[in-house]
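Residues per chain, in single letters:
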Amino acid sequence: MDKLEYSSQFNDIWKTEHDIKTQWGNRIFCFAHLIGYPITSFLYYFNHNPVFLTILKIQLLASAIIAGLLFFHFYKKAPSRVIAFYTFLTIIVFHSLILATIPHTSYDRASFNMTLALIFITFILCWPPKESIICTVMVLLLFPAALYFLSPDSLLQFIREGGFFLFLGQFLFPFVMNVKYSNDKRAFYYRYSLREKNELLEEQIKISQEATKAKTDFLSMMSHEIRTPLNGIVGIVHLLLKEDLRSDFQKEMIQTLLFSSNHLMTVVNDIMDFNKINSNYVKLEVKPFNPALFFKSLEKTFIPKADEKNLNLIFEIADSLPPQLISDEGRLNQVITNLIHNAIKFTEKGEVKFSVKEQDRQDNSIKLLFHITDTGIGIPEDKQSVIFDLFTQAHTSGDRQYGGSGLGLAISKEILRLFGSDIQLSSVQGEGSDFSFEIDFNYSMLPIIKSYPVKDLPLSLYPDCKVLVVDDNYTNLLLATTLLKRKSIYFETAENGKEAYDKYKASQDYDLILMDLKMPVMDGFEATNLIRAEGSTVPIVALTASTFEDEKERALSNGFTGYLVKPFLPLDFYEMVYTHLDKKTIEK
């Protein structure tokens with residue numbers, strides 16, 4: 001076994017620990033000799049030995065010294081190991097005196113008793129080598145000297161009648177003590193090191209948790225700071241698109257602005273998505289969806305992009321798919337969209353092919369194999385192992401020919417991890433790439449009842465409804481109120497939570513409250529709690545720039561009825577408003 005190197009700091013800790021651990025063993029040793037040593041003199045009494053009184057006096061004197069040592073231990077706080085050591089020396093000295101002055105007709109019983117005492121001491125004590133060596137040297141010097149002083153024949157008689165085994169045992173005593181002491185010290189060192197490492201690990205975990213919280217808080221703040229003005233940009237652009245623009249130049253400028261804002265929103269969403277998924281903030285939202293409709297919508301989305309580059313876009317979907325797949329449609333769409341978008345982006349001629357094949361089917365589950373294949377520029381072999389890393393692109397050049405943030409594949413890989421899957425890549429540079437993955441879905445053979453989106457519904461007016469819009473950002477307030485104004489929905493505004501609460505208390509006839517979460521004076525959480533404390537059941541929808549799931553859960557558990565993330569499209573806004581106003585209209 002390798003020899004361990006102990007630091008001085010550890011040695012100090014071990015000394016204290018060892019004194020505590022061996023305290024009762026040392027005390028038992030001292031008390032055993034305090035009481036037991038004089039009792040052995042009665043063996044001489046029972047044998048009618050005339051030296052009984054002499055031996056008793058010597059042993060009582062030794063016990064008196066041991067009692068004094070114990071007094072120092074209990075009242076003067078002397079270490080138990082030191083007291084036990086001096087007790088052993090006292091016994092050695094006084095027993096040497098007995099051996100030197102008292103003749104014995106036989107040493108059988110005496111050597112047997114001393115050997116038993118040594119065995120008892122070996123079991124109950126655990127000393128460092130120094131003390132045990134001193135005691136052994138004292139025994140091996142004083143006992144033979146005392147017996148020789150009495151008479152040379154006494155020494156030989158003692159050795160013949162069991163003394164040899166006593167001396168042999170005493171010689172081995174330091175080795176046994178050293179093994180016990182070393183093993184105890186080594187075991188404590190491992191426990192101490194493990195405890196130190198656990199404490200260090202706990203500290204690192206604490207630091208990591210604090211860093212994660214700081215990162216989350218920072219991302220939440222940055223999300224709010226970026227998404228809030230973006231909401232104004234995206235919303236105003238959509239409003240302008242509905243206006244009667246005077247020239248093609250104006251239309252082109254608005255379309256350019258819309259494209260730029262959408263691109264910026266994509267980058268922000270990608271960064272937030274990766275951090276949320278990587279920090280385990282994302283859970284799959286399991287809902288049934290129609291796979292045929294889902295894949296058809298995907299195809300329609302990419303036909304214009306493929307046509308722009310004169311690419312042949314092929315969708316091969318298995319005909320045997322069930323009417324319902326039960327999983328997170330949005331996250332699946334995100335993965336496939338990222339991969340098809342990349343395939344089109346890196347393909348200049350030829351085709352992009354998306355295929356879905358059924359691999360296996362059980363009573364309630366089905367395994368589908370997805371392939372996204374292109375005839376594009378391919379991926380160099382030395383880049384294939386790193387393209388799924390954050391902010392990594394296989395093709396980089398100063399002219400930014402292909403663009404992109406390098407987040408799409410990293411996000412796709414992380415999302416597939418949530419699905420319990422992994423992404424596979426096969427690519428030859430200059431010939432194209434093939435990305436594939438398998439996912440197990442629960443399914444149902446029941447058809448999904450068709451629902452109609454808000455844009456297909458007849459335009460509804462709510463002349464008797466009143467909405468309170470609460471936001472400290474003027475642009476967002478302008479956007480929301482303009483959207484309401486276009487549907488002839490009456491509204492009032494407030495710039496912070498306190499003003500909203502005061503207005504609610506004054507009228508209490510609002511049919512819907514749209515409440516920003518982060519505002520000066522009083523935030524949306526506190527204002528909503530105050531409104532709910534009044535016993536109100538008015539729908540309150542949280543308007544927030546945060547995409548973190550825990551903030552959504554916090555909002556919904558603190559009295560909010562709904563949750564709308566900025567930037568929102570007019571369609572999303574109207575769907576949320578219509579849903580709640582329709583319910584209030586029915587209640588009225």
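Before reading on, note that the structure itself is shown above.
This one's a predicted model, so the numbers in the text were calculated from it and none came from an experiment.

Trainee: Any chance you could explain the environment of Asp464 here in plain terms?
Mentor: Within the secondary structure, Asp464 is located in the loop between strand S7 (432–444) and strand S8 (466–470). On the basis of relative accessible area, Asp464 is assigned to the exposed category, the value being 66%. In the structure, Asp464 is positioned 47 residues away from Asp511 in sequence and 9.1 Å away in space, judged by C-alpha atoms.

Trainee: Before we go on, may I ask you to explain the pattern of salt bridges in this structure?
Mentor: It is possible for side chains bearing opposite charge to pair when their charged atoms get close. Counted under the stated rule, the structure contains 16 salt bridges. Linking Lys413 and Asp422 is a salt bridge whose minimum nitrogen-to-oxygen distance equals 3.0 Å. Among the residues examined, Lys413 registers a relative accessible area of 28% and is labelled partly exposed. By relative accessible area, Asp422 is classed as partly exposed at 38%. The salt bridge involving Glu492 is made with Lys466; its shortest N-O contact spans 3.8 Å. Of this pair, Glu492 sits in strand S9 (residues 490–494) while Lys466 sits in strand S8, and the two are 26 residues apart along the sequence. Beyond isolated ion pairs, a larger network of salt bridges with shared partners links Asp19, Arg81 and Glu131.

Trainee: Got a minute to help me understand the sheet that holds strand S10 (residues 512–516) in this structure?
Mentor: Through backbone hydrogen bonds, the strands of a sheet pair up, either in parallel or in antiparallel fashion. The strand order across the open sheet formed by five strands is S9-S8-S10-S11-S12, and the pairing between neighbours is parallel. A single partner strand is all that each edge strand has here, and the edge strands are S9 and strand S12 (562–565). Adjacent strand axes in the sheet meet at a mean angle of 20°, parallel and antiparallel pairs treated alike. Of the strand pairs in this sheet, strand S11 (residues 540–544) and S12 are connected by four bridges, and their pairing is parallel. By the bridge assignment, Val541 is partnered in S12 with Gly562.

Trainee: Would you explain a nonpolar patch on the surface in this entry?
Mentor: Together, Leu140, Ile159, Phe164, Phe165, Leu168, Phe171, Leu172, Phe175 and Val176 give the surface a local cluster of nonpolar side chains, amounting to about 820 Å² of exposed area. The leading source of residues in the nonpolar patch is helix H8 (residues 152–241), at eight residues. Among the secondary structure elements, Phe165 is positioned in helix H8. For Phe165, a relative accessible area of 56% gives the class exposed.

Trainee: Before we go on, may I ask you to explain helix H14 (residues 497–507) in this structure?
Mentor: Because each turn of an α-helix spans 3.6 residues, side chains separated by three or four positions end up pointing in the same direction. Buried residues of H14: Gly497, Ala500, Tyr501 and Tyr504, and no others. Seen along its axis, H14 keeps its buried residues to an arc of 100°; they face one direction. Of the surrounding elements, those touching the buried residues of H14 are S8, S9, S10 and helix H15 (524–533). Where H14 begins, the capping side chain belongs to Asn496, and its oxygen is found 3.1 Å from the backbone nitrogen of Lys498.

Trainee: I keep staring at the packing of helix H4 (residues 52–75) against helix H5 (residues 80–101) and nothing clicks. Help me out?
Mentor: The angle between the axes and the distance between the axes are what describe a pair of packed helices. Remark: H4 packs on H5, axes separated minimally by 10 Å, with the N-to-C direction vectors making an angle of 170°. In terms of orientation, H4 lies roughly antiparallel with respect to H5. Across the interface between the two elements, Ile55, Ile58, Gln59, Leu61, Ala62, Ile65, Ile66, Leu69, Leu70 and His73 from H4 touch Ser80, Ile83, Tyr86, Thr87, Thr90, Ile91, Phe94, Leu97 and Ile98 from H5.

Trainee: Just to check I follow, could you spell out the pairing of S8 for this structure?
Mentor: Looking along a regular strand, one sees side chains alternate from face to face of the sheet. Burial runs high along S8: five of the five residues are buried. Both faces of S8 are covered, namely the face carrying Lys466, Leu468 and Val470 and the face carrying Val467 and Val469. The handedness of the S8 to S9 crossover, carried by helix H13 (residues 474–486), is right-handed. Looking at chain direction, S8 and S10 are connected through four bridges and run parallel. Its bridge partner lying in S10, Val469 is registered against Leu514.

Definitions and cut-offs
Residues numbered from 1 in each chain as written. Predicted model: local features only at pLDDT ≥ 70, side-chain atom pairs only at ≥ 80, totals over all residues. Heavy atoms only, no water. Helix = DSSP H or I, 4+ residues; strand = E, 2+ residues; numbered from the N terminus. Buried < 20%, exposed > 50% of the residue type's maximum accessible area, 1.4 Å probe, protein only. Salt bridge = Lys/Arg side-chain N within 4 Å of Asp/Glu carboxyl O. Pairing = 2+ DSSP bridges. Axes fitted to C-alpha atoms, helices over the stretch in contact; angles between N-to-C directions. Patch = residues over 30% accessible without salt bridge, like charges linked within 9 Å, V, L, I, M, F, W, Y side chains within 5 Å. Areas by Shrake-Rupley, 256 points an atom, 1.4 Å probe, with all protein chains shown as cover. Arc of directions from axis to C-beta. Contact = heavy atoms within 4.5 Å. Polar contact = N/O pair within 3.5 Å; in protein donor to acceptor, adjacent residues only side chain to side chain. Parallel < 35°, antiparallel > 145°, perpendicular 65-115°, else oblique. Right-handed = clockwise from strand over helix to strand, strands pointing away.

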